[in-house]
Amino acid sequence: MAPSISDVRPLEPYVVRVTFVDGEVRDVDIEPLLDGPVFVPLRDPEEFAKARIEPELGVLSWPSGVDLDSEVIYGIHPPACEPSARVTTPGGEPERGFEPLA
């Protein structure tokens, strides 16, 4: 089980920095997901900037209803399908088989 998310901060278009309660940090690039129908609202930079922590589920989410599982972001579970978000640690090191950000 992944630790809870303690902070979420949008960095640039389609990338958010997620901090966990254990101090681990992940940068999550969701651009590969934006062609999926669920993610269409996040193409709008203003909507994307509304990234937040869903307190009941402890996941990265947006008001439009989109969410990303904290265990995938943390690196415990691989993404369920392709394309998937690219997850890295700050400094560009890929996390457990995920692609580094370009």
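Placed above this text is the structure.
The text that follows walks through the structure, step by step, so that each part is easy to find.

Calculation notes
- Residues numbered from 1 in each chain as written.
- Predicted model: local features only at pLDDT ≥ 70, side-chain atom pairs only at ≥ 80, totals over all residues.
- Heavy atoms only, no water.
- Helix = DSSP H or I, 4+ residues; strand = E, 2+ residues; numbered from the N terminus.
- Contact = heavy atoms within 4.5 Å.
- Core = buried A, V, L, I, M, F, W, Y, C linked by side-chain atoms within 4.5 Å.
- Buried < 20%, exposed > 50% of the residue type's maximum accessible area, 1.4 Å probe, protein only.
- Pairing = 2+ DSSP bridges.
- Axes fitted to C-alpha atoms, helices over the stretch in contact; angles between N-to-C directions.
- Phe/Tyr/Trp six-rings, centres within 6.5 Å; stacked < 30°, edge-to-face > 60°.
- Lys NZ or Arg CZ within 6 Å of the ring centre and 35° of its normal.

## Quick notes on the side chain of serine 61
Structurally, the position occupied by serine 61 is in strand 5 (residues 59-61). Beyond its immediate sequence surroundings of up to four residues, serine 61 is in contact with Lys50, Ala51, Arg52, Ile53, Glu54, Val66 and Asp67.

## Brief notes about the nonpolar core
Core analysis: the biggest nonpolar cluster contains 23 residues, and Val16, Val28, Ile30, Leu60, Trp62 and Leu68 have the highest contact counts within it. Residue assignment for this core shows that the elements contributing at least two residues are strand 1 (5-12), strand 2 (15-20) and helix 2 (70-74). The element best represented in this core is strand 2, accounting for 3 residues. Setting aside residues up to four positions removed in sequence, valine 16 forms contacts with Val8, Arg9, Pro10, Leu11, Arg26, Asp27, Val28, Phe48, Ala51, Leu60 and Trp62.

## Comments concerning the sheet that holds strand 1
Spatially, 1-2-3-7 is the arrangement adopted by the 4 strands of the open sheet, whose pairing is antiparallel. With one partner strand each, in any of the chains shown, strand 1 and strand 7 (86-88) form the two edges of the open sheet. Ignoring which end each strand starts from, the neighbouring axes of this sheet average 25° apart. In terms of strand pairing, strand 3 (residues 25-29) meets strand 7 through 3 bridges, oriented antiparallel.

## Points about the packing of aromatic side chains
Following the criterion strictly, the structure yields 3 aromatic pairs and no others. Relative to phenylalanine 48, the ring of tyrosine 14 lies with its centre 5.8 Å away and its plane at 75°, an arrangement referred to as edge-to-face. With tyrosine 14 in the loop between strand 1 and strand 2 and phenylalanine 48 in helix 1 (residues 45-48), this pair connects stretches of sequence that are 34 residues apart. Take tyrosine 14 and phenylalanine 48: they sit in the same class, and that class is buried. Each ring, one from phenylalanine 48 and one from tryptophan 62, has its centre 5.6 Å from the other, and the planes form 35°; the classification is tilted. Here phenylalanine 48 is found in helix 1, whereas its partner tryptophan 62 is found in the loop between strand 5 and strand 6 (67-68), with 14 residues between them in sequence. Residue classification places phenylalanine 48 among the buried residues on the basis of a relative accessible area of 3%. Site record: aromatic cluster; members linked through ring pairs are Tyr14, Phe48 and Trp62. Over the ring of tyrosine 74 we find arginine 26, and its NZ or CZ is 4.9 Å from the ring centre.

Interpretation in functional terms is not warranted from these geometric data alone.
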